[in-house]
Amino acid sequence: MSELNHKVPVAAELLAQGKSFDVLFWVGCAGSFDDRAKSVTRSFVKILNHLNISYAVLGTEESCTGDPAKRAGNEFLFQMQAMTNIQVLNGYGVKRIVTTCPHCFNTLKNEYPSLGGNYELMHHSTFLQELIDTGKLKMKESGSFKGQKITYHDSCYLGRANGIYEAPRKVLEILDSDLVEMKRCKTKGLCCGAGGGQMFKEPEKGTKDINVERTEEAIATGATVIAAACPFCMTMLTDGVKNKEKESTIKVYDLAELIAKNEGL
Amino acid sequence: MHIVPQLIFAVLLAVAGYFIFRSISRIRFNILLGKDYQPSASIPARWANMTLTALGQKKMFKKPLPAVLHLFVYLGFLIVNVEMLEIALDGLLGTHRLFAAPLGSFYTFIINVFEFFAVAVILACAIFLVRRNMVHVKRFSGKEMTQWPTLDANLILVMEIVLMLAFLTMNASDQLLQGQNDHYIATGNFAFSGLLMPLFAGFSATSLLILERSAWWIHIIGVMFFANYVFYNSKHLHIFFAFLNTYYARLIPQGEIDNMASVTKEVQLMLGMTPTDNTPVDPAAPMRFGAKDVQDLTWKNLMDAYSCTECGRCTEQCPANITGKLLSPRKIMMDTRDRLEEVGANIRQHGKDHQDEKSLFNYISDEELLACTTCNACVEACPVQINPVEIIVQMRRYRVMEESKAPGSWNAMFSNIENNQAPWKLSPSDRFNWSDNL
């Protein structure tokens, strides 16, 4: 795939060239700064480039959606962030947004409209599922995950928060792998422990860390791959697997990484 | 002489009705202490939601065994209560089985249906008692399940069993009296109470009469007492509030947390924008961000508290609670209700400006509030669509925006977002570095 165009289109540059784009890829803070999440961002961009999708990113003009501040109780900071972001997004005439972060997805989709930001939001799981459904994204006959046991961890902000349970599973189905469910899945899915601002502080005193509880459940399925669809879940589950000293046998991958790997991108 | 029981009945009914009215007024007054709330969904959507969730008990069926048992008690409650109409009319008019003659064989059929449900209620309540007191289902315990909530649950079950036993005893002795006493009109055979008849077969006519009358009075006084008990301050209020609460539920994605309008205006002014809401702010009106006490919550949050039947499905699903943290969503709701009762009583006694130097924070600790991941597992689990997360976020808002009291690491996260546009202390100019060497 060396002939691939690896350049990432930036909204400001496209505008300067008089070009437009169909969909804005909202990278998110984790996707921009966290090493593990950056790999997800890069995988997703490779898929977008591979399929010649007309997209753009905001680059350095992107800013935190304000989600962690809002959920920690700092509504001022959240709305400051939201209104600044809305000015930027509306300035570029953005209509559709795709994001790899369920927290950004939820905030942009549900909490920006009443502040003046109205966009058609898609999480990358739904975006990938549509590409598969329309036949644009075709899987190889014998992919690298064929027959492997994969378990999918529902992100709270995709699942319960927005009712997206099937799209990520459909994306995984195309890998021709053996999809196994954890006991607590879908509407009953157990949180990884990072939501509501928990990502940015130590947990309260308890008998166990939430991510360890969840990782144990994932390990119990016998899966060799834990599939995530959220950068925070990714961090928590990766830490959980390390805590259980299983990092040599069990890998945590995002949906975009699994697709990109399977495609050899 | 004949009129005396009728008079006693009328007085009892009036007294019971009066005290229920007082209880309802008190609860209504308390709920309306909350702030304004507008359900956003359309009225047909809300009716549909109520029909499915409250009447159809959709969420109960996530746990099939309790759901079926609960369905019997619920149907029993609805159906056997139809019989209350006849009992009340008999009591007031001095008649006996007023509907038996006009309805004929249909009367026999319908009483048999009532009896079937009476038996089902007794069995279900007995199993519930076993589950609560002998099997020790985990969600029925927890630190908020102190003496009173535990007793409340058991009392409700025992009262329901007693009421149904009285109903069946009344019907059994009634059938034995038919043919012996002209007052007891022939009703046809009742299948379930008929099974009790051998127990009383040797009784004299007088004993039977006493038994029948006692059972009749115990049943009706029991019902009046039970209704008063429920509305006084029992978790059993859910039989009523399940409907109201689902009708007024917010039917928006669970992940959405409301945007505070008061903040929007200030932020728009700070950013040099024209505020979308131009209604002038009353400078005399006290402004508070977030919730310090129950009056700062919406009336829907307060109605949630009265709707809670302490089943513990929320706490059972809470990731913080599962891993041994102090947080229990059920406790958030029970604390809100307890504090609301306290504030309401204070206001009625001492006037609306009374301060008792206490707040919701005397009931709910920061440690509990901070442990929430806002994962909505509790909201999803609740059969009557109670939302503990809203209360938690409102209290966090008070701590953060009114008192600047947040954990140090959250304050660092706030200042990072403010200064670096990301929750971590990383340079915004590095934000696009992920695209290097792609």
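Within each chain, residues carry numbers counting from 1 in the order of the written sequence. Chain labels run from A onward and ligand labels from 1 onward, assigned in the order the entries are written. With the structure being a predicted model, the display of local features is reserved for residues of pLDDT at least 70 and the display and counting of side-chain atom pairs for 80 or more, all residues being used for whole-chain, interface and lining totals. Excluded from the side-chain calculation are hydrogens and water; included are all heavy atoms of the structure.

**Some remarks on the overall build of chain B**
Let me state the cut-off plainly: Working definition: helices are DSSP H or I runs of at least four residues, strands are E runs of at least two. Numbering for both runs from the N terminus. Should any heavy atoms of two residues lie within 4.5 Å, those residues are considered in contact. Note that accessible areas follow from Shrake-Rupley with a 1.4 Å probe, and for residues the cover is restricted to the protein chains shown.
Summing up its helical and strand segments, chain B has 19 helices and zero strands in all. Along the longest, intermediate and shortest principal axes, the C-alpha atoms of chain B span 95 × 55 × 40 Å. Here the analysis covers contacts within chain B between residues at least 6 apart in sequence; of these, 77% occur between residues at least 24 apart. Summed over its atoms, the accessible surface of chain B is roughly 20,300 Å², and 66% of this surface lies on carbon and sulfur atoms.

**A look at the overall build of chain A**
The condition is simple: Here the globule rule is a power law, 2.2 Å times the number of residues to the power 0.38, and the radius of gyration is based on C-alpha atoms. Partly exposed describes any residue whose relative accessible area lies between the buried limit of under 20% and the exposed limit of over 50%, with all areas from a 1.4 Å probe on protein chains only and scaled to the type maximum. Counted as positive: Lys and Arg. Counted as negative: Asp and Glu. His and the chain ends are not counted at all. All charge positions are set by atom: Lys at NZ, Arg at CZ, Asp at CG, Glu at CD.
When you go through chain A residue by residue, the secondary structure sums to 12 helices and eight strands. A globule of 265 residues ought to have a C-alpha radius of gyration of about 18 Å, and chain A, at 18 Å, matches this closely. Evaluated residue by residue, chain A yields a buried proportion of 65% over its 265 residues. Accessible surface, chain A as shown: approximately 9,700 Å² in total, 48% of it carbon and sulfur. Once the 32 positive and 32 negative side-chain charges of chain A are each reduced to a mean point, those two points are 2 Å apart.

**Regarding the sheet that holds strand 3 (residues 96-99) of chain A**
All names here are of chain A. The cut-off we apply is this: Note on pairing: two strands pair once DSSP finds at least 2 bridges between them. Convention adopted: a line fitted to C-alpha atoms gives each axis, helices being fitted over their contacting stretch, and angles between N-to-C directions are expressed from 0 to 180 degrees.
Taken in spatial order, the four strands of this open sheet run 2-1-3-4, and their pairing is parallel. Lying at the two open borders of the sheet, with one neighbouring strand each, are strand 2 (55-56) and strand 4 (120-123). As defined by bridge partners, strand 1 (residues 23-26) adjoins strand 2 across two bridges and the pair is classed as parallel. Bridge pairing in strand 2 links Leu24 to Ala56. Packed onto the sheet, helix 3 (residues 35-50) meets strand 1, strand 2 and strand 3 and runs at close to 165 degrees relative to strand 1. Strands strand 1, strand 3 and strand 4 of the sheet are contacted by helix 7 (residues 124-133), whose axis makes an angle of about 85 degrees with strand 4.

**Brief notes about a nonpolar patch on the surface**
All names here are of chain B. Basically, it comes down to this: Only residues whose relative accessible area exceeds 30% and that take part in no salt bridge are eligible for patches, with like-charged residues grouped when within 9 Å of each other and nonpolar side chains (Val, Leu, Ile, Met, Phe, Trp, Tyr) grouped when within 5 Å. Just to be clear on terms, a salt bridge is a Lys or Arg side-chain nitrogen sitting within 4 Å of an Asp or Glu carboxyl oxygen.
Among the surface-exposed residues, Ile3, Val4, Leu7 and Ile8 lie close enough to one another that they form a single nonpolar patch of about 350 Å² accessible area. Positionally, Ile3 belongs in helix 1 (residues 3-31). For Ile3, a relative accessible area of 48% gives the class partly exposed.

**Some details on the side chain of Thr315(B)**
Among the secondary structure elements, Thr315(B) is positioned in helix 13 (residues 313-317). Not counting chain neighbours up to four residues away, the residues in contact with Thr315(B) comprise Glu144(B), Asn321(B), Ser328(B), Pro329(B) and Arg330(B).

**What about the pairing of strand 7 (residues 225-228) of chain A?**
On any regular strand, side chains alternate: one points to one face of the sheet, the next to the other face. Residue and element names in this part refer to chain A. Across the two faces of strand 7 the burial is the same, with Val225 and Ala227 and Ile226 and Ala228 all buried. Bridge count between strand 5 (residues 149-152) and strand 7: three bridges; the pairing is parallel. Opposite Thr151, over in strand 7, you have Ile226 as the bridge partner. Note that strand 7 and strand 8 (residues 251-254) share four bridges and pair parallel. If you follow Ala227 over to strand 8, its bridge partner there is Tyr253.

**Concerning the environment of Phe240(B)**
Examined against the element boundaries, Phe240(B) turns out to sit in helix 10 (residues 238-247). As a C-alpha pair, Phe240(B) and Val230(B) span 10 residues in sequence and 9.6 Å in three-dimensional space.

**Here's the deal with helix 11 (residues 261-270) of chain B**
Here helix 11 of chain B has its buried residues at Val263(B), Thr264(B), Lys265(B), Val267(B) and Gln268(B). Summarising the contacts, the buried residues of helix 11 of chain B are in contact with helix 5 (75-91) of chain A. Positive phi shows up at Gly272(B), right after helix 11 of chain B, with a value of about 75 degrees.

**Quick look at the pattern of salt bridges**
The full count for this structure, using the stated rule, is 40 salt bridges over all chains. Put simply, Lys244(A) and Glu216(A) hold a salt bridge, and the shortest N to O gap is 2.7 Å. Taken together, the residues span a long stretch of sequence, with Lys244(A) in the loop between helix 11 (231-243) and strand 8 and Glu216(A) in helix 10 (residues 210-220) at a distance of 28 residues. We note a salt bridge from Asp296(B) to Arg288(B), for which the minimum N-O separation is 2.9 Å. With relative accessibility at 10%, the residue Asp296(B) sits in the buried group. The exposure class of Arg288(B) is partly exposed, given its relative accessible area of 35%. Put simply, Arg184(A), Lys208(A), Glu213(A), Arg214(A), Glu216(A), Glu217(A) and Lys244(A) are held in one network by salt bridges that share partners.

**Here we look at the confidence of the model for chain B**
Definition in use: One number per residue, pLDDT, summarises how confident the predictor is, and it ranges from 0 to 100.
When pLDDT is averaged along chain B, the result is 94; 98% of the residues meet or exceed 70. Taken together, the chains of this predicted complex give a pTM of 0.95 and an interface ipTM of 0.95.

**Some thoughts on the interface of chain A and chain B**
Filter applied, for reference: Simply put, the buried area is the total loss of 1.4 Å probe accessible area from both parts when two parts are fitted together. Whenever a nitrogen or oxygen atom comes within 3.5 Å of another N or O atom, the pair is scored as a polar contact, on the condition that within protein one atom can donate a hydrogen and the other can accept it, and that pairs from neighbouring residues in sequence are kept only if both atoms are in side chains.
On the side of chain B, 63 residues touch chain A, which itself brings 70 residues to the contact. Interface area for chain A against chain B, summed over the two sides, is near 5,800 Å², with a carbon-plus-sulfur share of 66%. In terms of surface lost to chain B, no three residues of chain A exceed Phe33(A), Phe76(A) and Phe200(A), which account for 13% of the buried area on that side. Linking chain A with chain B are two salt bridges. The closest approach of N and O atoms between Arg397(B) and Glu75(A), which form a salt bridge, is 3.2 Å. Applying the counting criterion to the chain A and chain B interface returns 33 residue pairs in polar contact (both at pLDDT 80 or more). Where the side of chain A that touches chain B is concerned, the elements lending two or more residues are helix 2 (29-33), helix 3, helix 4 (67-72), helix 5, helix 6 (102-111), helix 8 (159-162) and helix 10 of chain A. For the side of chain A that touches chain B, the element with the highest residue contribution is helix 5 of chain A, accounting for nine residues.

**A closer look at the packing of helix 1 of chain B against helix 12 (residues 299-307) of chain B**
All names here are of chain B. Worth spelling out the cut-off: To sort the angles, those under 35 degrees are grouped as roughly parallel, those over 145 as roughly antiparallel, those from 65 to 115 as roughly perpendicular, and the leftovers as oblique. Put simply, Ala, Val, Leu, Ile, Met, Phe, Trp, Tyr, Cys and Pro go in the nonpolar bin, Asp, Glu, Lys and Arg in the charged bin, and everything else, Gly too, in the polar bin.
In contact at an axis separation of 9 Å, helix 1 and helix 12 are set at 140 degrees when each is read in the N-to-C sense. In terms of orientation, helix 1 lies oblique with respect to helix 12. Residues Ile27, Asn30 and Ile31 of helix 1 form the contact with helix 12, whose own contacting residues are Trp299, Leu302, Met303 and Tyr306. Class assignment for the residues of the contact of helix 1 with helix 12 results in six nonpolar, one polar and no charged.

**Some thoughts on the sheet that holds strand 5 of chain A**
Residue and element names in this part refer to chain A. Overall, parallel pairing links the four strands, which are arranged 6-5-7-8 in an open sheet. Both edges of this open sheet fall to strand 6 (178-180) and strand 8, since each of them pairs with a single strand only. Going across the sheet, the axis of each strand differs from the next one's by a mean of 35 degrees, ignoring polarity. Seen against the sheet, helix 9 (residues 166-173) touches strand 5, strand 6 and strand 7 and runs at an angle of roughly 165 degrees to strand 5.

**Here's the deal with the packing of helix 10 of chain B against helix 12 of chain B**
All names here are of chain B. Here is the rule: By definition, any crossing whose near helix is turned counterclockwise from its far helix by less than a right angle is left-handed, and any crossing with a clockwise turn is right-handed.
Contact geometry of helix 10 with helix 12 gives a least axis separation of 8 Å together with a crossing angle of 150 degrees. The chirality of how helix 10 crosses helix 12 is left-handed. Along its contact with helix 10, which presents His238, Phe241, Leu244 and Asn245, the element helix 12 presents Lys300, Met303, Asp304, Tyr306 and Ser307.

**What to know about the domain arrangement of chain A**
A common way to express how large an interface is: the accessible area buried when the components associate. Residues and elements named next belong to chain A. For clarity, the threshold we go by: Reported domain spans reflect what an automatic or database domain assignment gives.
For chain A, the assigned domains read domain 1 (11-129) and domain 2 (140-263). Its C-alpha centre places domain 1 at a distance of 23 Å from the equivalent point of domain 2. The interface is formed by 26 residues belonging to domain 1 together with 28 residues belonging to domain 2. A per-residue breakdown of the area domain 1 buries against domain 2 is headed by Arg36, Pro102 and His103, which together make up 25% of the total.

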